[in-house]
Amino acid sequence: MKDKRNYIFAGLTILLFVMTVTYLVSSEQTLKPTDYVSCLASISIVFLTAAYVFVTSRQLETMKSQLLEMKTSREHTSQPIPFITPSKLYLERPRLFYSPPEKEYSGHSRFHIDCEAINPGNAPALSVNICACVMMQQKEEKSCGALKSAVEYLDILPFSEKPITDKKISFMFSDDRKAELIDAIRACRPDKAPVLRMCVVYKNMLGACFACRQAFQLFYDTDEQDQVLENWQSQITAFDSSLKKEIFQLNKLQGKDIRAWNELFDEAKKKYEALIVGEDQKIIAVQIPTSFTALTISESRYMKFLSKSHYGQYMPAQDECLAHSKTEQGEDSAESES
């Protein structure tokens, strides 16, 4: 846009110069030679001034680009590389769950991942955000997978070839209520195996933003695990029918008789767990070749990632329900009086 204005200004100046010369030559007025010289000199000064402004603006644009390049080069000289590696992966033994907000009952397994974080770069990484998701099909083209977890955050990851030990990095996936992850792992085929995607966005000391990505295929560890996972998949799929009577009674007792609800919930939990065989099952992650990428990103893209992220919240131990306590005290006093 600036170049266009410069060209227009220069063109108008040249046009003005030509028009002035033409007017002086064709004018019927008697002018002295000094008048011609004075007039042409004035027009020449205007023309040279316009040319100077044009050239100077071009030089300033070039200098600005060079300074921006120098700034970018200086920012990117500091190169942290947070490298996150899954160290322990396992499927939790299925059990009965109750979700108070939705007032829903479910019986399923949760997928856990513990990770190690190192920084083999040449500078510390700041404001490190680590996210993980699981895709059921490797060919899915989505920003995130079917299963998601809360984002892990590190204020600073110092450069070191040894994993950090003062901060535990872990992810839990609890939304697989249809055992789709177990079904995909049991396929035991590279083209059907679920894919764990891990992404890290972070900054260096100078404020430059970066991102790293890598992907892993998930398999069970030994062939004997298939029998255990088969049982888990069957019981998760049949959860609604297995505990249909108990869930119906729990819904009736909800909010009416807390003690009876707790007792029935414990019985239903024991009944469901009696149908499950085995303990927690180890899962292995095999890195997909060429899946690791590291690149610079803009500040706006970094902030956009943060705006879409959610973090785990600390939940302090809750005090005993006062209403429940008063009810128990009333019952105790009534029993003592009788």
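Residues numbered from 1 in each chain as written. Predicted model: local features only at pLDDT ≥ 70, side-chain atom pairs only at ≥ 80, totals over all residues. Heavy atoms only, no water.

Re the overall build of the protein
Argument step 1. Summing up its helical and strand segments, the protein has nine helices and 12 strands in all.
Argument step 2. Counting every position in the protein, which comprises 338 residues, the buried fraction comes to 34%.
Argument step 3. Once local pairs closer than 6 in sequence are excluded, the contacts in the protein between residues at least 24 apart make up 77%.
Argument step 4. Carbon and sulfur atoms make up 56% of the accessible area of the protein, which totals about 21500 Å². (Helix = DSSP H or I, 4+ residues; strand = E, 2+ residues; numbered from the N terminus. Buried < 20%, exposed > 50% of the residue type's maximum accessible area, 1.4 Å probe, protein only. Contact = heavy atoms within 4.5 Å. Areas by Shrake-Rupley, 256 points an atom, 1.4 Å probe, with all protein chains shown as cover.)

Comments concerning the packing of helix 3 (residues 180–187) against helix 4 (residues 225–237)
Argument step 1. At a minimum axis separation of 10 Å, helix 3 and helix 4 run at an interaxial angle of 150 degrees. Compared by their axis directions, helix 3 and helix 4 come out roughly antiparallel. Between helix 3 and helix 4 lies a crossing of left-handed hand. Residues Ile182, Asp183, Ile185 and Arg186 of helix 3 pack against Asp226, Leu229, Glu230, Trp232, Gln233 and Ile236 of helix 4.
Argument step 2. Across the contact of helix 3 with helix 4, the residue classes tally to five nonpolar, one polar and four charged. (Axes fitted to C-alpha atoms, helices over the stretch in contact; angles between N-to-C directions. Parallel < 35°, antiparallel > 145°, perpendicular 65-115°, else oblique. Left-handed = near helix turned anticlockwise from the far one by under 90°. Nonpolar A, V, L, I, M, F, W, Y, C, P; charged D, E, K, R; others polar.)

Quick notes on the packing of aromatic side chains
Argument step 1. Enumeration over the complete set of coordinates arrives at eight aromatic pairs.
Argument step 2. With 4.8 Å between their ring centres and 35 degrees between their planes, Tyr98 and Tyr105 make a pair best called tilted.
Argument step 3. For Tyr105, a relative accessible area of 11% corresponds to the buried category.
Argument step 4. Taking 5.1 Å as the distance between ring centres and 10 degrees as the angle between the ring planes, the aromatic pair formed by Trp261 and Phe265 counts as stacked. Here Phe265 and Trp261 lie together in helix 7 (residues 258–274), a separation of four residues that amounts to about one turn.
Argument step 5. On the accessibility criterion, Trp261 (13% relative accessible area) is buried.
Argument step 6. On the accessibility criterion, Phe265 (13% relative accessible area) is buried.
Argument step 7. Among the aromatic residues, ring-to-ring pairing joins Tyr98, Tyr105, Trp261 and Phe265 into one connected group. (Phe/Tyr/Trp six-rings, centres within 6.5 Å; stacked < 30°, edge-to-face > 60°.)

Quick notes on the environment of Ser109
Argument step 1. Its location among the elements puts Ser109 in the loop between strand 3 (104–108) and strand 4 (111–118).
Argument step 2. The spatial distance from the C-alpha of Ser109 to the C-alpha of Leu96 is 9.3 Å, given a sequence separation of 13 residues.
Argument step 3. The residues contacting Ser109, other than those within four sequence positions of it, are Leu91, Glu92, Pro94, Asp176, Ile182, Trp232 and Ile236.
Argument step 4. Only 2.4 Å separates the side chain of Ser109 from the backbone oxygen of Glu92, close enough to count as a polar contact. (Polar contact = N/O pair within 3.5 Å; in protein donor to acceptor, adjacent residues only side chain to side chain.)

Quick notes on the packing of helix 6 (residues 244–253) against helix 7
Think of two packed helices as two axes; the pair is described by the angle between the axes and how far apart they sit.
Argument step 1. Their axes nearest at 10 Å, the elements helix 6 and helix 7 cross at an angle of 160 degrees. One way to sum up the angle between helix 6 and helix 7 is to call them roughly antiparallel. Once helix 6 is placed against helix 7, the crossing between them reads as left-handed. Along the contact surface, helix 6 presents Glu246, Gln249, Leu250 and Leu253, while helix 7 presents Ala260, Trp261, Leu264, Phe265, Ala268 and Lys271.
Argument step 2. Class assignment for the residues of the contact of helix 6 with helix 7 results in seven nonpolar, one polar and two charged.

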